[in-house]
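The primary structure of each chain is shown beneath.
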Amino acid sequence: MPGRRVLITGVGSYLGTLLAARLERDPEVESVVGLDTRRPKAHLGRTELHDADIRDPAIGPLIERAAPDTVVHNKIVRQPGPGMSPRAMHDINVIGSLQLLAACERAPTVRTIVIRGSAGIYGSEPQAPQFLGEEMTRLFPLRTRFQRDIAEIENYFETFSRRRPQVTCTMLRYQPAIGPSLDTQITRYLSQAACPTYLGFDPRIQLVHEDDALEALLAAIKRPVRGAVNVAGRGTIGLGRMIRLAGRPLLPIAGPLFAPVTEAARRLGLSAYSDDFRRLLRYGRAVDIRRLEDEVGHRPRFSTAAAVEDWVARAREEKMRRAA
């Protein structure tokens, strides 16, 4: 019986490279194909690599030739990197996803699509329930450009899934990731000399450890389910406690001054905060992960608090190593 054939977009990212490496070692996986304009973060032994931009219609024939049964969409940009405009981010996220779906439409071998999406679709709201279920995306307005992009992407995949019922589309809604190997908004925030907070607010934050982020993807590939699945560590942590664990002082700022102060700090070379991240620092967000555990079969090894503690411990070890 032939093995699985998996195609990964965004294979040049840290998580994409790790995913390809794990699939290479899986005896049930016959072939791994990676698409990206970046080189992988580490050597990959048997992954077939293609320098390809998912916004380019030329990915269609490429995917047809690869004949995957599973496509992992790992190319959704959460924040513009250096030199990337918000427009370019939108094009990668929305136009790229459209081109990928058009290519999958023409590839008769595709049976599963797993998307590394974002829990950012729920937003961060003061009236939000304690834990958001997958059915709660329409409780509040879409307030940011990234939220609207994610909603558009989800709508495209839902439409595709209805039109192609033989293909199982799993939308993994990831909470922000933390881990010693990651460079994300949350790790940059906790690495600053002081952490700005909204005066009078101490929201609940929920994160996912980088190891669990990878394991959730692998679990969804092996046991895909239709529709959205929240991905996060169990429980939450107060923002103030998280900052204190990181050994950083809190810098409370009155709400109306938060955006101007942090924008001035960005111009001085400090971390930039997206609109979504600012709202997260004010109101927090937590999601229900029962579907991840019960249906996909992944039980996170790290709670949110344990993920932060692991990041802090590893960061201290690295600092001591460099000082030695």
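Preceding this section is the structure that the text describes.
The present account deals with the structure reproduced in this document. Residue indices follow the written sequence of each chain, beginning from 1 at its first position. Local features in a predicted model are, by the rule used here, given only for residues with pLDDT of at least 70; side-chain atom pairs are given and counted only at 80 or more, and totals for whole chains, interfaces and linings are based on all residues. Side-chain numbers come from the whole structure's heavy atoms, not from hydrogens or water.

## Points about the environment of Arg145
To qualify as a helix, a DSSP run of H or I must reach at least 4 residues; to qualify as a strand, a run of E must reach at least 2; elements of each kind are numbered from the N terminus. With respect to the helices and strands, the residue Arg145 is situated in helix 4 (residues 145-163). Think of it in three bands: residues with accessible area under 20% of the maximum for their type are buried, residues over 50% are exposed, and the middle band is partly exposed, with areas taken using a 1.4 Å probe on protein chains only. Using a relative accessible area of 38% as the deciding quantity, one classes Arg145 as partly exposed. Spatially, the C-alpha atoms of Arg145 and Asp276 are 8.8 Å apart, while their sequence positions differ by 131 residues. Should any heavy atoms of two residues lie within 4.5 Å, those residues are counted as being in contact. In this view, Arg145 contacts Pro86, Arg87 and His90; residues no more than four positions away in its chain are not counted.

## A look at the packing of helix 2 (residues 59-66) against helix 3 (residues 86-105)
Interhelical geometry of helix 2 versus helix 3 gives an angle of 45° and a closest axis separation of 8 Å. Considering their axes alone, helix 2 and helix 3 lie oblique with respect to each other. The handedness of the crossing between helix 2 and helix 3 comes out as right-handed. Together, Ile59, Gly60 and Ile63 of helix 2 and Gln99, Leu100 and Ala103 of helix 3 make up the contact between the two elements. Note on method: axes are straight lines fitted to C-alpha atoms, helices fitted across the in-contact stretch only, with angles between N-to-C directions ranging 0 to 180 degrees. What sets the label is the angle itself: under 35 degrees gives roughly parallel, over 145 gives roughly antiparallel, 65 to 115 gives roughly perpendicular, and the rest give oblique. Should the near helix be turned counterclockwise from the far one by less than a right angle, the crossing is left-handed, whereas a clockwise turn marks it as right-handed.

## Description of the pairing of strand 11 (residues 227-231)
Both faces of the sheet carry side chains from a regular strand, because those side chains alternate between them. Across the five residues of strand 11, four count as buried, placing the element largely inside the fold. Here a strand pair is declared whenever DSSP counts at least two bridges between the two strands. Relative to strand 11, strand 6 (residues 168-174) runs parallel, the two being bridged by five bridges. Its bridge partner being in strand 11, Leu172 is matched across the sheet by Val229.

## Here we look at helix 8 (residues 255-267)
Within the span of helix 8, buried status applies to Phe258, Thr262 and Ala265. Viewed end-on, helix 8 has its buried residues packed into an arc of 55°, placing them on one side of the element. Along helix 8, exposed side chains directed more than 90 degrees from the buried face belong to Pro256 and Arg267. Buried residues along helix 8 sit in contact with strand 8 (195-198), strand 13 (250-253) and helix 9 (275-283). Working definition: the arc comes from the directions between the helix axis and the C-beta atoms, pointing outward to the latter.

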